[in-house]
Amino acid sequence: MSNQAKRIKAWTVDREALMPFSDAIKTVKEHATAKFDESIEIAVNLGVDPRHADQQVRGVVNLPSGTGRDVRVAVFAKDAKADEARAAGAEHVGAEDLYEKINGGFMDFDRVIASPDMMALVGRLGKVLGPRGLMPNPKVGTVTPNVAQAVKDAKGGAVEFRVEKAGIAHGGIGKASFTQEALEANVKAYVDALNRAKPAGAKGTYVKRITLSSTMGPGVKIDPASLTA
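Colleague: It is not clear to me how the overall build of the protein chain should be interpreted in this structure. Could you clarify?
Modeller: Secondary structure summary: the protein chain contains eight helices and ten strands in total. Relative to the compact-globule value of 17 Å for 229 residues, the protein chain shows a C-alpha radius of gyration of 19 Å, a close match. When the backbone C-alpha atoms are referred to their principal axes, the protein chain occupies close to 55 × 45 × 30 Å. Out of the 229 residues in the protein chain, the part that is buried amounts to 46%. The contacts in the protein chain between residues at least 6 apart in sequence include a share of 73% that link residues at least 24 apart. Charged side chains in the protein chain number 32 positive and 27 negative. The centres of these two groups are separated by 5 Å.

Here's what the structure looks like:
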């Protein structure tokens, strides 16, 4: 029997039960038994129809406990702002030269940040960056004159969220090695950010379902009411 089959057989989760979010986190941690530090992800089913402009949900949340990931940042900036971005820890900084690299297939980064004066250039990469969710956007703080702070935020735990066609927003909220308290803080921050981003066109129940899982573990359903109590 493969290690994956053994792991699945060892699952003791009632995958239909709704758990208080603290119990759900504990259960997910207990089942994250892979030989690597599994990522913990949250998926939130929202009562919106993203096909309508007034029901879009998008934003950024600064996770108080960080993400546990080494986020690689590319910054479009020139002169002093380019120097500031490098000093803040950006891995790739440039203007036309960075454009040419990315247009040629270079994708060794997780976040793209741009100063406003660079957007005419960056916009030409829309077909490359857009489908990957990497296009800078002022709504999530990745188009900003303060590129140094944006780099620090990206590396310190800033996570973008955006509702998909099925009405689901999902993202990484830490690692299995995080403490219970650290993951609880991140889950609360993520769901709170979604609630603050509730669009005017949303009708009925907004947060419908929340599921937490690790990379190799089962999905655990969270009782949404436990996050508003």
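Further notes follow.
Colleague: What am I meant to see in helix α4 (residues 96-103) here?
Modeller: Quick reminder: α-helices carry 3.6 residues per turn. Residues three or four places apart thus point the same way. Residues of α4 that are buried include every one of L98, Y99 and I102, and no others. Viewed along the axis of α4, the buried residues span an arc of 105°, placing them on a single side of the element. Summarising the geometry of α4, the exposed residues directed more than 90 degrees from the buried face are D97 and E100. Looking at the buried side of α4, the elements it contacts are β4 (73-76), β5 (92-94), α5 (119-122) and α6 (126-129).

Colleague: I tried to follow the sheet that holds strand β1 (residues 18-19) on my own but got confused; where do I start?
Modeller: Remark on secondary structure: sheet strands pair via backbone hydrogen bonds, oriented parallel or antiparallel. Read from one edge of the open sheet, five strands run β1-β10-β9-β2-β8, paired in mixed fashion. Of all strands in the sheet, those with a lone pairing partner are β1 and β8 (168-175), marking the two edges. Where strand β9 (residues 207-214) and strand β10 (residues 220-222) come together, three bridges link them in antiparallel fashion. The residue of β10 that forms the bridge with I210 is I222. Where helix α8 (residues 180-196) meets the sheet, its contacts fall on β2 (39-46), β8 and β9, and the angle it forms with β8 comes to roughly 155°.

Colleague: When you look at the sheet that holds strand β6 (residues 111-114) in this model, what are you seeing that I'm missing?
Modeller: Spatial strand order, β5-β4-β6: three strands in an open sheet with parallel pairing. Each edge of the open sheet carries a strand with a single partner, namely β5 and β6. Taken pair by pair, the neighbouring strands of this sheet meet at an average axis angle of 15°, ignoring direction. Note: β4 against β6, four bridges, orientation parallel. Along β6, the bridge assignment pairs V75 with I113.

The rules we used
- Residues numbered from 1 in each chain as written.
- Predicted model: local features only at pLDDT ≥ 70, side-chain atom pairs only at ≥ 80, totals over all residues.
- Heavy atoms only, no water.
- Helix = DSSP H or I, 4+ residues; strand = E, 2+ residues; numbered from the N terminus.
- Rg over C-alpha atoms; globule rule 2.2 N^0.38 Å.
- Buried < 20%, exposed > 50% of the residue type's maximum accessible area, 1.4 Å probe, protein only.
- Contact = heavy atoms within 4.5 Å.
- Lys, Arg positive; Asp, Glu negative; His and termini not counted.
- Charge placed at Lys NZ, Arg CZ, Asp CG, Glu CD.
- Arc of directions from axis to C-beta.
- Pairing = 2+ DSSP bridges.
- Axes fitted to C-alpha atoms, helices over the stretch in contact; angles between N-to-C directions.

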